[in-house]
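Fold and contact review
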Amino acid sequence: MSSIDTLVQDLVIANRILAKEDIADAYGHVSVRHPDNPKRFFISRSLAPELIEPGDIVELDLDGEPVREEKRALYLERFIHAGIYQLRPDVMAVVHAHAEDILPFGIAKATKLRPVIHSGSFIGASVPVWDIADKFGDTNVLVTNMAQARDLGKCMGKNNVALMRGHGFASAGRSLIEVVRMSVYLPRNARAQMRAKQLGGKIKYLSQGGIDARNRGYSAYSPETWRAWEYWATKAGCGHMISKPDDPHAHGKK
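Below is a summary of the structure that appears in this document.

Criteria and thresholds
Residues numbered from 1 in each chain as written. Predicted model: local features only at pLDDT ≥ 70, side-chain atom pairs only at ≥ 80, totals over all residues. Heavy atoms only, no water. Helix = DSSP H or I, 4+ residues; strand = E, 2+ residues; numbered from the N terminus. Rg over C-alpha atoms; globule rule 2.2 N^0.38 Å. Buried < 20%, exposed > 50% of the residue type's maximum accessible area, 1.4 Å probe, protein only. Contact = heavy atoms within 4.5 Å. Salt bridge = Lys/Arg side-chain N within 4 Å of Asp/Glu carboxyl O. Phe/Tyr/Trp six-rings, centres within 6.5 Å; stacked < 30°, edge-to-face > 60°. Lys NZ or Arg CZ within 6 Å of the ring centre and 35° of its normal.

Along its length, the protein chain carries seven helices and seven strands. Taken from the N to the C terminus, the helices and strands of the protein chain come in the order α-β-β-β-α-β-β-α-α-β-β-α-α-α. Taking 254 residues into account, the globule formula puts the C-alpha radius of gyration at 18 Å, and the protein chain, at 17 Å, falls close to it. By principal-axis analysis of the C-alpha atoms, the protein chain measures approximately 55 × 45 × 30 Å. Residue burial in the protein chain is summarised as follows: out of 254 residues, 52% are buried. Of the contacts formed within the protein chain by residues at least 6 apart in sequence, a portion of 66% connects residues at least 24 apart.

What follows covers the pattern of salt bridges. Here the structure, examined in full by the defined rule, presents 16 salt bridges. A salt bridge links Arg174 to Glu178; the shortest N-O distance between them is 2.7 Å. Taking the relative accessible area as the measure of exposure, Arg174 reaches 35% and is therefore partly exposed. Here the salt bridges share partners, and the residues they tie into one network are Glu21, Arg188 and Lys235.

Looking now at the packing of aromatic side chains. The final tally for this structure, using the stated rule, is two aromatic pairs. Relative to Tyr85, the ring of Phe41 lies with its centre 5.1 Å away and its plane at 40 degrees, an arrangement referred to as tilted. With a gap of 44 residues between them, Phe41 in strand S2 (residues 40-44) and Tyr85 in helix H2 (residues 78-87) connect regions that are remote in the sequence. A single burial state applies to Phe41 and to Tyr85, both of which are buried. With 5.9 Å between their ring centres and 55 degrees between their planes, Tyr185 and Trp232 make a pair best called tilted. Of the two residues, Tyr185 sits in helix H5 (residues 176-199) while Trp232 sits in helix H7 (residues 223-235), which places them 47 residues apart along the sequence. Of the two residues, Tyr185 and Trp232, both sit in the buried class. Lying over the aromatic face of Tyr205, Arg114 brings its terminal NZ or CZ to 3.8 Å of the ring centre.

So this is what it looks like as structure tokens:
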């Protein structure tokens, strides 16, 4: 199996995991940058993540357009991925989804989403909120063109996650495993923060030093990280599809 075939298979696994973990339902998508051509990326055609097979994966350019003739419907919000890849050459994988637990933090300005649990450290100390209305006025709140996508990407900046007011989130990582892990723990962190706030009193967030200490030990193929990927894939019914490459830096994974 070629490296591209393996990457496409990993992308299918990522979709299935996000569906099984209730990060994505009929909507939401995950993409991965082409390992040999940074101006292209892979994403599924318009299909619910749980149903995606390798044959559903298409290759797009950084304007969100297919590089080969494609008659099948594409995700309307594929531009989110293109915009982030354009602005962030360090990003190798992107997720956009609508996990319900994060939505209040994009609506209630008085409370910012911040990491409070150790597995939430990957979302970073700052989670900006992007409001499409600030620049584009009244819309259907969907990112449907590159101008909107670039504006979202600018709001995300160098952060790992940006919330989208009344809509969902976008997350960006250095590998598929990293962005999936981040996206799975994002709503779990949100739930913990929300429940802590309901209990009252001062909330103790993770410090920058604590976040840095946690992230220093991160590796996409460490026993800890691989254990989660293997577990989630098996739980999603695609454990037989996983393959651990000999090169720990394969597909831009670090």
